[in-house]
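Chain residues, written in single-letter form:
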Amino acid sequence: MRSYGLDTKKPFRFPPKSDKIKRYVRKGIPQALRGAAWFWYAGGPSRVAKEPDLYRNLLERVDKGELSDNDREHIERDLNRTFPDNIRFKSDPTTTSDIQAGAGGGGGKKRKSVPEPETPIVRALRRVLQTFAVHNPGIGYCQSLNFIAGLLLIFLDEDEEKAFVLLEIVTSVHLPGTHGVTLEGANIDIAVLMSCVKDSLPAIWEKLDDKGGIPAGDPSASALRLPTVSLATTAWFMSLFVGTLPIESVLRVWDCLFFEGSKTLFRIALAIFKAGERQILAVSDPMEIFQVVQTIPRAMLDVNGLMEELIERRREERRRDVRLGVAGTDAGVLMGRWKGRWRSRTRV
Amino acid sequence: MAARSQQGRPGARFAQFKLVLLGESAVGKSSLVLRFVKDQFDDYRESTIGAAFLTQTIALDEQTTVKFEIWDTAGQERYKSLAPMYYRNANCAVVVYDITQASSLDKAKSWVKELQRQANENIIIALAGNKADLVAEQPDKRAVQTADAQAYARESNLLFFETSAKTAENVKELFTEIAKKLPIEQASQRGMRGAAGRPGGVDLGNRQEAGGAAGGPGGCNC
């Protein structure tokens, strides 16, 4: 940072993207800089510059009652189910701050039955999720956004506006449509992942492919039926691996995600399958395979190993198609096409 | 392993069945499973995204062992499109509501209707009114009367329990009663999981028929 002439105390600017910085990011952004670096590299500042009053206006709209009862209720239900073991989310019986404060127009109503007061981060989480739902009627509130917003708030020093902006970026740039009311985008993500597995890990694909009968999201790809095990991966994308990988690993994945984009998610997902190759090949019952795939990522504490697997994969990709990145592989082409189609469809 | 049908001892029976949990979000589906599978309880449980798969084996008597393969699903409405994947070949279902939330029973009823229309025709359905502990502490919290739910369960031909994942009340009983209703004899004789008859097999994948010719009932409707 210093060599770039940038402040290291409470930075908000970061060095321009380069291969060198990318290498640093892949080794893990220092904890103290993490949230700010995510915000910077994901393009947060320019979003805020474009609509500086957005968050404040949305808060007002929530206050005016524009949030649907359904979304409000589902958000309330999940507030206490977001990192319940984290000290900043756990309600603290010793303080007695006003539960209603900042609840955004009666959002606290339902909480009356809960005697413990809420922590500030829980109130911030409520507002982020409420404003997001009002701003994105095609998504509203989707379970899993609570985990993303919650982790963002932790690393952004509870700066709600920044958390909101990053949540916007995740759901519009990285995973468009994934959290929508029909989850169609989530199906596409899974289909893309499965076709990547098929292309680059054929031995594992042989094992996974039980002709499970979930139609892929894209009608033209009806030949590709998603295997049962693909259901285990829904949460990987929707929650950006929160709850799937150990938290240390999640943070490293997010470092790359906000720097490099959504291809990171697919690479990590492939790396998980690769890491579990021996275990997957050792079982044959589809339900056992499901359990293996469900369990592998939970133990993936070796973030460096995971990242190396990623980088190795990346090198292979490059060798195949220099500089075109993931769009160069067969799976990449497919992915690009589907994602493109998906985007054009959602824009109409 | 899946085909393990006998357990050495003469007369011993072993069968496995697929069970799916359905219900409104935050009624305690995951908590019921956690109590049943690990005998644990957390006051605040993280919301389930997508679905989780767990197994638990119970002994009905000295001779009879039943293994449940449990799909614990996400409760939010938008995940509903995935639900058929989980219940399609299920032998049994637990539909959960929260006895302190009247609307959750309506949701449970719509799940029951969907199961009776779409799922395996021999499916055993149990209705579980969860969070009985809250009512034990504060009776005025009750929003669904036991008699009402019971009457509904009777007319819809469902097993019925009021449960508490927190205190473990009726949790084991719930799964045991389901097990008793399952066609164990058939299942253990056939030596495969799931006996609930033809519109079944239990694999989501119908993989025995993966060759393509058959593509049985599980392989194509969706």
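Residues numbered from 1 in each chain as written. Chains lettered and ligands numbered in written order. Predicted model: local features only at pLDDT ≥ 70, side-chain atom pairs only at ≥ 80, totals over all residues. Heavy atoms only, no water.

### Some words on the overall build of chain A
At step 1: For chain A, the count of helices and strands is 17 helices and two strands.
At step 2: Burial status across chain A gives 57% buried among its 348 residues.
At step 3: Once local pairs closer than 6 in sequence are excluded, the contacts in chain A between residues at least 24 apart make up 70%.
At step 4: Split by element, the accessible area of chain A, about 14,900 Å² in all, is 53% carbon and sulfur. (Helix = DSSP H or I, 4+ residues; strand = E, 2+ residues; numbered from the N terminus. Buried < 20%, exposed > 50% of the residue type's maximum accessible area, 1.4 Å probe, protein only. Contact = heavy atoms within 4.5 Å. Areas by Shrake-Rupley, 256 points an atom, 1.4 Å probe, with all protein chains shown as cover.)

### Quick look at helix H9 (residues 184–200) of chain A
Each α-helix turn comprises 3.6 residues. Residues three or four places apart therefore point the same way.
At step 1: Between its first and last C-alpha atoms H9(A) spans 25 Å; for 17 residues at 1.5 Å apiece the expected length is 24 Å, and the two agree.
At step 2: Burial analysis of H9(A) places 13 of its 17 residues in the buried class, the great majority of the element. (Expected span 1.5 Å × (residues − 1).)

### Describing the packing of aromatic side chains
At step 1: The full count for this structure, using the stated rule, is 19 aromatic pairs over all chains.
At step 2: Centre to centre, the rings of A:Phe290 and B:Phe53 are 5.7 Å apart; their planes meet at 70°, and the pair counts as edge-to-face. Here the residue A:Phe290 occupies a position in helix H15 (residues 286–295), and B:Phe53 occupies one in strand E2 (residues 51–59), the pair thus bridging two chains. Across the pair, B:Phe53 and A:Phe290 agree in class, each one buried.
At step 3: Residues B:Phe53 and B:Trp71 carry aromatic rings whose centres are separated by 5.0 Å and whose planes lie at 55° to one another, so their mutual orientation is tilted. Of this pair, B:Phe53 sits in strand E2 while B:Trp71 sits in strand E3 (residues 64–73), placing them 18 residues apart in sequence. Each of the two residues, B:Phe53 as well as B:Trp71, counts as buried.
At step 4: Cation over ring: A:Lys162 sits above A:Phe39, and NZ or CZ is 5.3 Å from the ring centre. (Phe/Tyr/Trp six-rings, centres within 6.5 Å; stacked < 30°, edge-to-face > 60°. Lys NZ or Arg CZ within 6 Å of the ring centre and 35° of its normal.)

### Comments concerning the pairing of strand E5 (residues 124–130) of chain B
All names here are of chain B.
At step 1: Most of E5 sits out of view: seven of its seven residues are buried.
At step 2: Side chains Ile124, Ala126, Ala128 and Asn130 project from E5 onto one buried face, and the interleaved Ile125, Leu127 and Gly129 project onto a second face that is buried too.
At step 3: In terms of strand pairing, strand E4 (residues 92–98) meets E5 through seven bridges, oriented parallel. The residue of E5 that forms the bridge with Ala93 is Ile125.
At step 4: The parallel pair E4 and E5, bridged by helix H3 (residues 102–118), forms a crossover whose chirality is right-handed.
At step 5: Direction of pairing for E5 relative to strand E6 (residues 159–162): parallel, over a ladder of four bridges. Along E6, the bridge assignment pairs Leu127 with Phe160. (Pairing = 2+ DSSP bridges. Right-handed = clockwise from strand over helix to strand, strands pointing away.)

### Considerations on the layout of surface pockets
At step 1: In this structure, the second largest pocket spans a volume of roughly 1,200 Å³.
At step 2: Surrounding the second largest pocket, 43 residues form its lining, A:Gly243, A:Arg298, B:Arg45, B:Glu46 and B:Ala52 being those nearest its centre.
At step 3: Elements that contribute at least two residues to the lining of the second largest pocket include exactly helix H7 (145–155), helix H11 (234–238), helix H12 (247–260) and H15 of chain A together with helix H1 (29–38) and E2 of chain B.
At step 4: It is E2(B) that provides the largest number of residues to the lining of the second largest pocket, a total of five residues.
At step 5: The residue makeup of the lining of the second largest pocket, split by class, is 24 nonpolar, 12 polar and seven charged.
At step 6: Two domains each provide a minimum of three residues to the lining of the second largest pocket, namely domain 1 (15–83 + 119–173) and domain 2 (184–328) of chain A. (1 Å grid on protein atoms, 1.4 Å probe; cavity = no way out; pocket = protein on both sides within 12 Å on 5 of 7 lines; lining within 4 Å. Points joined across faces, edges and corners; volume = space filled by probe spheres on them. Nonpolar A, V, L, I, M, F, W, Y, C, P; charged D, E, K, R; others polar. Domains from an automatic or database assignment.)

### As for the domain arrangement of chain A
Residues and elements named next belong to chain A.
At step 1: Domain annotation for chain A reports domain 1 (15–83 + 119–173) and domain 2 (184–328).
At step 2: With 26 residues of domain 1 at the interface, the matching set in domain 2 holds 20 residues.
At step 3: The junction of domain 1 with domain 2 conceals about 2,000 Å² of combined surface from both sides, 69% of it contributed by carbon and sulfur atoms.
At step 4: Considering only the side of domain 1, the residues that lose the most area to domain 2 are Arg26, Trp38 and Leu151, jointly responsible for 32% of the buried surface there.
At step 5: The residue Arg34 makes a salt bridge to Asp255 at a minimum N-O spacing of 2.7 Å.
At step 6: In this assembly, domain 1 and domain 2 are joined by seven residue pairs in polar contact (both at pLDDT 80 or more).
At step 7: Every element with two or more residues in the side of domain 1 that touches domain 2 is listed here: helix H1 (19–26), helix H2 (34–41), H7 and helix H8 (160–174). (Buried area = accessible area lost by both parts, 1.4 Å probe. Salt bridge = Lys/Arg side-chain N within 4 Å of Asp/Glu carboxyl O. Polar contact = N/O pair within 3.5 Å; in protein donor to acceptor, adjacent residues only side chain to side chain.)

### As for the environment of B:Gln186
Residues and elements named next belong to chain B.
At step 1: Locating Gln186 in the fold gives a position in helix H7 (residues 184–190).
At step 2: When its relative accessible area of 41% is taken as the criterion, Gln186 is described as partly exposed.
At step 3: A sequence separation of 171 residues divides Gln186 from Ala15, and the C-alpha atoms of the two residues are 8.8 Å apart.

### Some words on the packing of H9(A) against helix H13 (residues 263–275) of chain A
Helix packing for two helices is described by the angle between their axes and how far apart those axes are.
Residue and element names in this part refer to chain A.
At step 1: Axis separation between H9 and H13 bottoms out at 10 Å; the angle between their running directions is 55°. In terms of orientation, H9 and H13 fall into the oblique class. The two elements H9 and H13 cross, and the hand of that crossing is right-handed. For the pair formed by H9 and H13, the contact residues are Asp189, Val192, Leu193, Met194, Cys196, Val197 and Ser200 on the first element and Phe266, Ala269, Leu270 and Phe273 on the second.
At step 2: Residue composition of the contact of H9 with H13, grouped by class: nine nonpolar, one polar and one charged. (Axes fitted to C-alpha atoms, helices over the stretch in contact; angles between N-to-C directions. Parallel < 35°, antiparallel > 145°, perpendicular 65-115°, else oblique. Left-handed = near helix turned anticlockwise from the far one by under 90°.)

### Let's talk about the sheet that holds E2(B)
The strands that make up a sheet are held in pairs by hydrogen bonds between backbone atoms, and each pair lies either parallel or antiparallel.
At step 1: Strand order in the open sheet made by the six strands is E2-E3-E1-E4-E5-E6 (chain B), with mixed pairing throughout. With one partner strand each, in any of the chains shown, E2 and E6 of chain B form the two edges of the open sheet. When the angles between neighbouring strand axes are averaged without regard to direction, this sheet yields 25°.
At step 2: Relative to E3(B), E2(B) runs antiparallel, the two sharing nine bridges. Residue pairing across strands places B:Thr55 opposite B:Glu69, the latter belonging to E3(B).
At step 3: Along the sheet, H15(A) contacts E2 and E3 of chain B; its crossing angle with E2(B), the most-contacted strand, is approximately 120°.

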